[in-house]
Every structure is written in structure tokens, then in C-alpha cells.
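Letter by letter, the chains look like this.
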Amino acid sequence: MVHPVSRRIATVERDLERRGFALEPGEAATTAVDGPTDLTGVDAPVHLVHLADGSPMTIVSAIANAAHERRVPVLVADRWVDEESRDVLGRPFLLAGRNDGAREFYPIEDRIRLADDSLACVGSHGRMEWAETATESDDPELRLDVGGEPVAVLDSVDELCCPGPDPTAFEYRYSRGDDGTLRVFRGGRTVGRYTSFRSMRTDGFRPVPLPLVPEHHVRRNGHLARAVRIASVEGDRVEYSTWRSD
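Residues numbered from 1 in each chain as written. Predicted model: local features only at pLDDT ≥ 70, side-chain atom pairs only at ≥ 80, totals over all residues. Heavy atoms only, no water.

A.B. asks: For this particular structure, what's the right way to read the overall build of the protein?
C.D. replies: Of regular secondary structure, the protein possesses six helices and 18 strands. Its C-alpha atoms put the protein at 65 × 50 × 30 Å along the principal axes. In the protein, which comprises 246 residues, the proportion classed as buried is 47%. In the protein, the proportion of contacts linking residues at least 24 apart, taken out of those at least 6 apart, comes to 58%. Accessible surface, the protein: about 13300 Å² in total, of which carbon and sulfur atoms supply 44%. (Helix = DSSP H or I, 4+ residues; strand = E, 2+ residues; numbered from the N terminus. Buried < 20%, exposed > 50% of the residue type's maximum accessible area, 1.4 Å probe, protein only. Contact = heavy atoms within 4.5 Å. Areas by Shrake-Rupley, 256 points an atom, 1.4 Å probe, with all protein chains shown as cover.)

Pasting the structure below:
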């Protein structure tokens, strides 16, 4: 029995061949070359990627990898992942939204590593949201809200890059000691010791998720990244979704 993933990929490959592309199979994915430009709107090879899920990080990784290789990503998905992906790609490109022109970011699983090698955490409940401040500046401030209240402000998204924000940017931070315990700090004082993240969370402390900043992932060939298509497969028919990302 052919696995559904392999069947979907094979269906898209056959469709691309019918459109005039030549296939170049690879170890991880297939590249289609020398085809017409009407599919993606740019003169570049296309790179088939099967999406295991529709999370923002999975999507941006697939897009960035293809664009960095000078290829247009074509994301092959089942109908459930297809719907999730449209939520990510149908908004401002790879953003959770915009508010008065200010960018709002998806949180991802990566953590905020600070300049002293500790990691940022919060000591309050509520949804964590990352957004830039509405301003005409080319480098707006980046704000973290928890439960609708601001808890940290960085000079810009670039402050997230190595070596990371100053430890004073967040009220709380944590690190793992040589004995394996998690220690939470406020300033230079230890305010909690925990044997697991579960016990740390039970006491009200949560790691801060890194915001997904598109330009930190798609570092080159942005025009190819923005030409991304979702290939939806129904039987032997393939539909390539297009939309305005901004």
C-alpha cells in the first residue's frame, strides 16, 4: 500500500511534468526545473516540500530552506495542514497580523537566550504576545505583553540576535544548574528552585517563547519565498493556492 504522503508527492510530480517541468529527485525532496513561469510568477525552479504540520515554524523553515537554494517552495499538504497553512500564509507574510502598521509575531518553541546565557521567563499568567510598537521608525521597539500587560520592551527585533538581550530586559530569567535543577532569578537573587519545568510552571514561572521574525529566517531571495504555493491534492487533481501575502 502506497503511503498517503508518497501518493500526494507523486501526484504533484506528475502534474508538474504535465506542465512541462523536468524533475530532479533529491534525497529529501524533488526539484522541478525548466518549467513555465505561470505557476509561480517567477523564473526559478520549484522545490517540493511535504508539510508534516501547519505550525508557523514548520512553514517558515520549509520556505527559508527552498528560498536559500534559489528555489520557489511548493508545500504539499493534506487538507487539514492545508487549512492551517492558509492561516499563516494568508495574513501578512509569516506574521500573526498587523495593528496600525505594527507587526505582530507568532510565538515559537525556541526560547529567549540572554547575553549572560540564562533564559527569559515571566512570572505572570495570561497569553504571551509579541508585537512591535506603532511608529514610523525603521527600527520600532519590540514589546512582550502577558495577559494584555507589557512585561518587557526591547529596542528592536535585532536585539534578539546573538548575543541576545541584556538580562535586565526581563524581570525574571532562569538557568539550569550543575545539579540539574532549574533556578529562577529576579535581578541577582534566586527566587525559586525546581526539579522540572512542570514544577516551575506550577509555581507561576514560564519560559518566554521567541517571536517568529520573518527576516531572521528568510535571509535572502525573499521574492522566491513570497512566491510560495500550497499544492492541494484531491485524487489526481492538484490545485496550487495563490494569495496576496500583504
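A.B. asks: Could you clarify how one ought to interpret the environment of Pro 36 in this entry?
C.D. replies: Tracing the chain through its elements places Pro 36 in the loop between strand 2 (30-33) and strand 3 (46-50). Put simply, Pro 36 and Phe 21 are 15 residues apart on the chain and 7.4 Å apart in space, counted from C-alpha to C-alpha. Apart from the residues within four sequence positions on either side, Pro 36 is in contact with Arg 19 and Phe 21.

A.B. asks: Help me out: how do you make sense of the layout of surface pockets in this one?
C.D. replies: The rolling of a water-molecule-sized probe over the atoms marks out the regions of remaining empty space. For the largest pocket, the calculated volume is near 310 Å³. Considering the residues around the largest pocket, the lining is formed by 17 residues, among which Glu 104, Phe 105, Glu 129, Trp 130 and Ala 131 are closest to the centre. Looking at the lining of the largest pocket element by element, the count peaks at five residues for strand 9 (residues 128-132). For the lining of the largest pocket, the per-class residue count stands at nine nonpolar, two polar and six charged. The computed volume of the second largest pocket comes to approximately 240 Å³. As for the second largest pocket, its lining consists of 17 residues, of which Arg 113, Leu 160, Cys 161, Cys 162 and Leu 210 are closest to the centre. Of all the secondary structure elements, the ones that give two or more residues to the lining of the second largest pocket are strand 16 (209-211) and helix 5 (214-217). (1 Å grid on protein atoms, 1.4 Å probe; cavity = no way out; pocket = protein on both sides within 12 Å on 5 of 7 lines; lining within 4 Å. Points joined across faces, edges and corners; volume = space filled by probe spheres on them. Nonpolar A, V, L, I, M, F, W, Y, C, P; charged D, E, K, R; others polar.)

A.B. asks: What should I look at first to understand the pairing of strand 1 (residues 22-25) in this one?
C.D. replies: Consecutive residues of a regular strand have side chains that alternate between opposite faces of the sheet. Pairing of strand 1 with strand 2 involves four bridges; the strand directions are antiparallel. Bridge pairing in strand 2 places Ala 22 opposite Val 33. The antiparallel hairpin formed by strand 1 and strand 2 contains four residues in its connecting segment. (Pairing = 2+ DSSP bridges.)

A.B. asks: Explain the sheet that holds strand 15 (residues 206-207) to me, please; I cannot follow it from the model alone.
C.D. replies: Sheet strands associate in pairs through backbone hydrogen bonding, adopting either a parallel or an antiparallel arrangement. Here five strands make up an open sheet; going across it, the order is 14-13-12-8-15 and the pairing antiparallel. Bordering the open sheet on either side are strand 14 (189-194) and strand 15, each of which pairs with just one other strand. Pairing between strand 8 (residues 119-122) and strand 12 (residues 172-176): three bridges, direction antiparallel. Bridging across to strand 12, Leu 119 finds its partner in Tyr 174.

A.B. asks: Please explain the side chain of Arg 229 as it appears in this structure.
C.D. replies: As for its position among the elements, Arg 229 is in strand 17 (residues 229-234). The side chain of Arg 229 sits in the buried core without any salt bridge; Asp 38 is the nearest counter-charge, 9.5 Å away. At 3.1 Å, the side chain of Arg 229 forms a polar contact with the backbone oxygen of Thr 40. The residues touching Arg 229, leaving out its near neighbours within four places in the chain, are Leu 39, Thr 40, Gly 41, Pro 73, Val 74, Leu 75, Tyr 240, Ser 241 and Thr 242. (Lys, Arg positive; Asp, Glu negative; His and termini not counted. Salt bridge = Lys/Arg side-chain N within 4 Å of Asp/Glu carboxyl O. Polar contact = N/O pair within 3.5 Å; in protein donor to acceptor, adjacent residues only side chain to side chain.)

A.B. asks: Looking at this model, I keep getting lost on the environment of Leu 210. Mind explaining?
C.D. replies: Tracing the sequence through the fold places Leu 210 in strand 16. Of the residues examined, Leu 210 reaches a relative accessible area of 18% and is grouped as buried. Dropping the residues within four chain positions of it, Leu 210 is found in contact with Tyr 106, Pro 107, Ile 108, Asp 110, Arg 111, Ile 112, Trp 130 and Leu 160.

A.B. asks: Just checking my understanding: could you explain the packing of aromatic side chains for this structure?
C.D. replies: Aromatic ring pairs: the centre-centre distance and the angle between the two ring planes describe each pair. A full pass over the atoms with the stated rule returns three aromatic pairs. Seen in terms of ring centroids, Tyr 174 and Phe 197 are 5.8 Å apart; in terms of plane orientation they differ by 90°. Their pairing is edge-to-face. With a gap of 23 residues between them, Tyr 174 in strand 12 and Phe 197 in helix 4 (residues 197-202) connect regions that are remote in the sequence. Look at Phe 197 and you get partly exposed, because its relative accessible area is 31%. Residues Tyr 194 and Phe 205 carry aromatic rings whose centres are separated by 6.3 Å and whose planes lie at 55° to one another, so their mutual orientation is tilted. With Tyr 194 in strand 14 and Phe 205 in the loop between helix 4 and strand 15, this pair connects stretches of sequence that are 11 residues apart. The class for Tyr 194 is buried, based on a relative accessible area of 8%. Phe 205 gets classed as buried once you look at its relative accessible area, which sits at 9%. Taken together, the ring pairs in this structure connect Tyr 172, Tyr 194 and Phe 205 into an aromatic cluster. (Phe/Tyr/Trp six-rings, centres within 6.5 Å; stacked < 30°, edge-to-face > 60°.)

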